[in-house]
Amino acid sequence: MRNIMVYLFALSLAACHFRVDRKQLSHIRQLPGFRIISVDSTQCINTENIANGHPTIFFYFDPDCTHCQRLTKELLQHITQLRDTKLYWVTNGDEELLKRFYKFYHLDTMRNIMVGKDYEYSFYRTYLPPAVPYMAIYNDRKNLVKIYKGEIDVNSIVEAVRE
Amino acid sequence: MNQRSTILTLFPGLHKNFPANYPEKGPSLFVQFIIKEKAYKMYGYFIPIVLAAQFILFKILYPFPDLLPESYNYIDTASQHLAANVWPVGYGKFLWLTHCVSHSDTFLIAIQYFSLEAALVYLFYTILYLYRPGHMARNILFVLLFVNPLFLYLSNCILPDAIFATLSIVFIVQFCWMFHRPAISQVVIQGLIIGLAFTISFAAIFFPLVSVSGILLLKRKPMTSSIGWITGTILIIFFSLYTIQKTKESTGSAQFSVLGSWQLANNALYMYGHAKVDTDRLPKETRILDRTTKQFFEDIPPVQRDLTSFAGAFFLIVPYSPLKVFMDRQYKEEAPKQFEAWGKVAPIYAAYGKALIRQNPGAFIKYFLGPNIKNYFLPPLEKFEIYNLNYNDVPTIVQDWFDYITPDIAVISATFQGRLFYPYRFIFLALNVYFWGCLTWFLFTGKLKQMRPDLRRALILGSCFLILHFGFNVTAAPVVLRSQVVPMILLPAFCLLLRHSKTVYA
């Protein structure tokens, strides 16, 4: 009987162990509040003020990262499929490189794209991305649909937005 | 026409052995036996409870499935609706079917686990009904089949092994019934199983041979008994032709198995470092590949080319293997077109593998077959050694397929399974020694002849299956523990019957 009790206790500990990940996820299941500032520092966005009605993508990147550059290029090629989606390019990278990145991909001309700096590291602290590229996709009711890590197929992003 | 007269019309030779109390209508004797027989009734209560409890506990500890790079290929087949891929497409279609019902990984794992256990229940009751083993043997068999973690871990993998084992078990059990009381349904089921199993794994290529040995043992109405064999062979031919056509459409060359060609070259390369290769006698199209191979053996330090790692599949797995390097140089393709790249080089690899083996048959036997025979009897743990190759996340294709929000996965311990299954290697060796030792003893003392005919035939058929399984695995495939699951079920079952059955002799 005593052995059974010890076994059950170990099992419940194991069950708690798996809850840890879910707990972290619970913070971001509904779009959390964090602030980003636009490249030219004229606009500050608080995600709490983002209205419902459109899916939202947060693409955490580094302007110097080749995977991020490739993914950006592919996303822009599929931009018509994402025309009803709000896309936020978020970075903690170098400001000069960011400006060049912004100009090079003509991101200033895209109506539904905003490129910004995570100036308070609030995005980073909320999501703890292990590496770039990192992507958080929310649906039109601001519920988390997907977290993608690393370079991925754009079709997966398009599919996730449609969910 | 009732059950009794149908059977007797098909197999008139049965009149002598046919039980007088065979029911004209209603549940068969077998079903009545399961439900009513006092000594065996308890198992009917225990089995569902034990299986459900184990599955729930296991899924608490292992909430996510276990994967290999091969698994991504199956999911790719399923998600892209591919008609041909590196591995047979049958399991991919099975994944797609379950996906149509539910995207849940637990649902898929449950289907795999309970299908396998259902086949084992069928085997268990068949043994109990047909051969009446003693109390001790029954209980040992119960533990081996229903309290064995091997089946949980196997079913938790996104690999075709659990489904293939299910089909293999039903295939064997059908023969046990045929030897006892043949019926047309058994031969038809057999044929379908052969065809189905072949779409899931090319290892089923030897099933028609097992079927032929079964027909020869049956010695009754060869035409009727051959229906299964004929159906199975037709299905195999049909699926092979279909695969060849679809592979041609994707890769440009008509091939039956892209993986088979890679495997052949991989097998031959095991002896390359020890053999003299006459480049002039190699086919022209393989000479660039041969230069790449030479470069590999010259440039890669021995510590990085330990051929004993990766259980007979070293050159298929390591990214710097000459087969991978040659493919990348010739057909630098991105991942979605991986099959095309694999397929384009496959004819060259098949020709290269054959030429190398023809030039050095002795070295091939010594450096590939020899170690593979050792691997057969002491199978490497491979998939069972570590969970998800010790990664704590999954690729996007898996994340999307199972609708995971994040690619992160968790498990109680990635390494525990390695410790758990380590003794299985030695148990498998011991079972082989015991079974073949017993069989030889029975053969030479004449006891095999005195044995009940149906049990003797089942034993001979099981032995044929094991020998052909050995032949296929040693010569054509990497031998690992997960490919030994069916022998791991059959061997203890037969050992127990030989040792503990009350009705071994006629």
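Residues numbered from 1 in each chain as written. Chains lettered and ligands numbered in written order. Predicted model: local features only at pLDDT ≥ 70, side-chain atom pairs only at ≥ 80, totals over all residues. Heavy atoms only, no water.

A.B. asks: Looking at this structure, I do not really get the packing of helix α14 (residues 287-299) of chain B against helix α16 (residues 322-330) of chain B. What am I missing?
C.D. replies: Packed helix pairs are characterised by how far apart their axes lie and by the angle those axes make with each other. All names here are of chain B. Running from amino to carboxyl end, α14 crosses α16 at an angle of 130°, the nearest separation of the two axes being 9 Å. Classified by the interaxial angle, the pair formed by α14 and α16 is oblique. The two elements α14 and α16 cross, and the hand of that crossing is right-handed. Note on element contacts: α16 touches α14 through Pro322, Leu323, Val325, Phe326, Arg329 and Gln330, opposite Ile288, Leu289, Thr292, Thr293, Gln295 and Phe296. Taken together, the residues of the contact of α14 with α16 break down into 7 nonpolar, 4 polar and 1 charged. (Axes fitted to C-alpha atoms, helices over the stretch in contact; angles between N-to-C directions. Helix = DSSP H or I, 4+ residues; strand = E, 2+ residues; numbered from the N terminus. Parallel < 35°, antiparallel > 145°, perpendicular 65-115°, else oblique. Left-handed = near helix turned anticlockwise from the far one by under 90°. Contact = heavy atoms within 4.5 Å. Nonpolar A, V, L, I, M, F, W, Y, C, P; charged D, E, K, R; others polar.)

A.B. asks: Would you take a moment to explain the environment of Tyr148 of chain A for this structure?
C.D. replies: If you trace the backbone, Tyr148 of chain A turns up in strand β7 (residues 144-149). Residue class for Tyr148 of chain A comes out buried when judged on its relative accessible area of 1%. A sequence separation of 80 residues divides Tyr148 of chain A from Cys68 of chain A, and the C-alpha atoms of the two residues are 13 Å apart. Residues in contact with Tyr148 of chain A, not counting those within four places in the same chain, are Pro133, Tyr134, Met135, Ile137, Ser156, Ile157 and Ala160 of chain A together with Thr396, Gln399 and Asp400 of chain B. At 2.5 Å, the side chain of Tyr148 of chain A and the side chain of Asp400 of chain B are in polar contact. (Buried < 20%, exposed > 50% of the residue type's maximum accessible area, 1.4 Å probe, protein only. Polar contact = N/O pair within 3.5 Å; in protein donor to acceptor, adjacent residues only side chain to side chain.)

A.B. asks: Would you mind going over empty space enclosed by the protein with me for this structure?
C.D. replies: By rolling a water-sized probe across the atoms, one finds the places where empty space is left. Residue and element names in this part refer to chain B. On inspection of all chains with the given rule, the structure shows 4 cavities of 30 Å³ or more. Taken as a whole, the largest cavity holds about 70 Å³ of empty space. In terms of lining, the largest cavity is formed by 15 residues, of which the most central are Asn85, Trp87, Pro88, Phe202 and Thr243. Those elements giving two or more residues to the lining of the largest cavity turn out to be α12 (222-251) and α13 (258-269). Here the lining of the largest cavity takes 3 residues from α12, the largest share from any one element. Classifying every residue of the lining of the largest cavity gives 11 nonpolar, 4 polar and no charged. A volume near 60 Å³ is recorded for the second largest cavity. Every residue lining the second largest cavity is listed: Leu123, Ile127, Tyr131, Ile172, Cys176, Leu490, Ala493, Phe494 and Leu497. Going through the elements one at a time, α6 (105-131), α9 (161-180) and α23 (485-500) are the ones with two or more residues in the lining of the second largest cavity. (1 Å grid on protein atoms, 1.4 Å probe; cavity = no way out; pocket = protein on both sides within 12 Å on 5 of 7 lines; lining within 4 Å. Points joined across faces, edges and corners; volume = space filled by probe spheres on them.)

A.B. asks: Before we go on, may I ask you to explain the pairing of strand β4 (residues 86-91) of chain A in this structure?
C.D. replies: Moving residue by residue along a regular strand, the side chains alternate between the two faces of the sheet. All names here are of chain A. β4 sits mainly inside the fold: 5 of its 6 residues count as buried. Here strand β3 (residues 56-61) pairs with β4 via 6 bridges, running parallel. Its bridge partner being in β4, Tyr60 is matched across the sheet by Val90. Following the chain from β3 across helix α2 (residues 66-77) to the adjacent parallel β4, one finds a crossover that is right-handed. Here 5 bridges tie β4 to strand β5 (residues 113-117), and the two strands are oriented parallel to one another. By the bridge assignment for β5, Leu87 is matched with Ile113. (Pairing = 2+ DSSP bridges. Right-handed = clockwise from strand over helix to strand, strands pointing away.)

A.B. asks: I would appreciate a short explanation of the environment of Phe368 of chain B in the present structure.
C.D. replies: All names here are of chain B. Within the element layout of this structure, Phe368 appears in helix α18 (residues 361-377). Residue Phe368 is classed as buried on the basis of its relative accessible area of 2%. Considered as a pair, Phe368 and Gln330 are 38 residues apart in the sequence and their alpha carbons are 27 Å apart. For Phe368, the contacting residues outside a window of four places in its chain are Asn267, Tyr270, Gly312, Ala363, Val474 and Thr475.

A.B. asks: Just checking my understanding: could you explain helix α2 (residues 29-36) of chain B for this structure?
C.D. replies: Owing to its 3.6 residues per turn, the α-helix aligns residues three or four sequence positions apart on the same side. Residues and elements named next belong to chain B. When α2 is considered as a whole, its buried residues turn out to be Leu29, Phe30 and Phe33. Each buried residue of α2 lies within a common arc of 105° when the element is viewed along its axis, so the set occupies one face. Away from its buried face, by an angle of more than 90 degrees, α2 presents the exposed residues Ile35 and Lys36. (Arc of directions from axis to C-beta.)

A.B. asks: Help me understand the confidence of the model for chain B, please; the structure alone is not making it clear to me.
C.D. replies: Any region with low pLDDT has predicted coordinates that should not be read closely. Taken residue by residue, chain B gives an average pLDDT of 87. The fraction at 70 or more is 91%. Contacts from residues 10-26 of chain B, a stretch scored under 50 in pLDDT, to residues over four places away or in other chains number 44 contacts. (pLDDT = per-residue confidence, 0-100.)

A.B. asks: How should the side chain of Asn432 of chain B be read in this particular structure?
C.D. replies: Note that Asn432 of chain B resides in helix α20 (residues 416-444). In this structure Asn432 of chain B touches Phe377, Gly437 and Leu491 of chain B, once residues within four positions along its chain are discounted.

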